[in-house]
Amino acid sequence: DHVLQGLAHAQLAAGQRQEAIATYRQMLADSALGWEVQEPFVLAHYELAQLLDAQGDRSGAVPLYQWLADRWRGGDSDLAVLQAVRRRLADEPTR
């Protein structure tokens, strides 16, 4: 939802990574596809995956990237987020 996404963005801007991760997780647990304003819910998967990836939690990030790749399987190849997701899924796992 827009409120939780805005809160996560504010937490990131304030340097509160762990709080932002918790907020994104709450957003994903409380939301579902099929409602009119679902873009924040869909993009939250990508944004949370990026945060987890940045802190070295590849095993937490990959399922989120995969979720997005599965739903956008037929998406336009020029979508920047989809390109980034596919690149991250193709990367070697971090050590």
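Parameters and conventions
Residues numbered from 1 in each chain as written. Predicted model: local features only at pLDDT ≥ 70, side-chain atom pairs only at ≥ 80, totals over all residues. Heavy atoms only, no water. Helix = DSSP H or I, 4+ residues; strand = E, 2+ residues; numbered from the N terminus. Buried < 20%, exposed > 50% of the residue type's maximum accessible area, 1.4 Å probe, protein only. Polar contact = N/O pair within 3.5 Å; in protein donor to acceptor, adjacent residues only side chain to side chain. Salt bridge = Lys/Arg side-chain N within 4 Å of Asp/Glu carboxyl O. Contact = heavy atoms within 4.5 Å.

Novice: What exactly am I supposed to notice about the environment of Arg58 here?
Specialist: By the secondary structure assignment, Arg58 is in helix α4 (residues 58-71). Among the residues examined, Arg58 registers a relative accessible area of 9% and is labelled buried. A sequence separation of 30 residues divides Arg58 from Arg88, and the C-alpha atoms of the two residues are 9.8 Å apart. Within the structure, the side chain of Arg58 is placed 3.4 Å from the backbone oxygen of Asp91, a separation counted as a polar contact.

Novice: Explain the pattern of salt bridges to me, please; I cannot follow it from the model alone.
Specialist: Where charged atoms from two side chains of opposite charge approach closely, those side chains can pair. Summed over all chains, the structure comprises 3 salt bridges. Across the pair Arg58 and Asp53 runs a salt bridge whose closest N-O atoms are separated by 3.4 Å. One salt bridge in this structure joins Arg88 and Asp53, with 2.7 Å as the shortest N-O distance. Pair noted here: Arg88 is in helix α5 (residues 80-90) and Asp53 is in helix α3 (residues 39-54), with a separation of 35 residues, a long-range link. When its relative accessible area of 12% is taken as the criterion, Asp53 is described as buried. Counted as one network, the salt bridges with shared partners bring together Asp53, Arg58, Arg88 and Asp91.

Novice: Help me understand the environment of Val85, please; the structure alone is not making it clear to me.
Specialist: Among the structural elements, Val85 can be located in helix α5. A sequence separation of 21 residues divides Val85 from Leu64, and the C-alpha atoms of the two residues are 9.3 Å apart. Excluding its chain neighbours within four sequence positions, the residues that come into contact with Val85 are Tyr46, Tyr65, Leu68 and Ala69.

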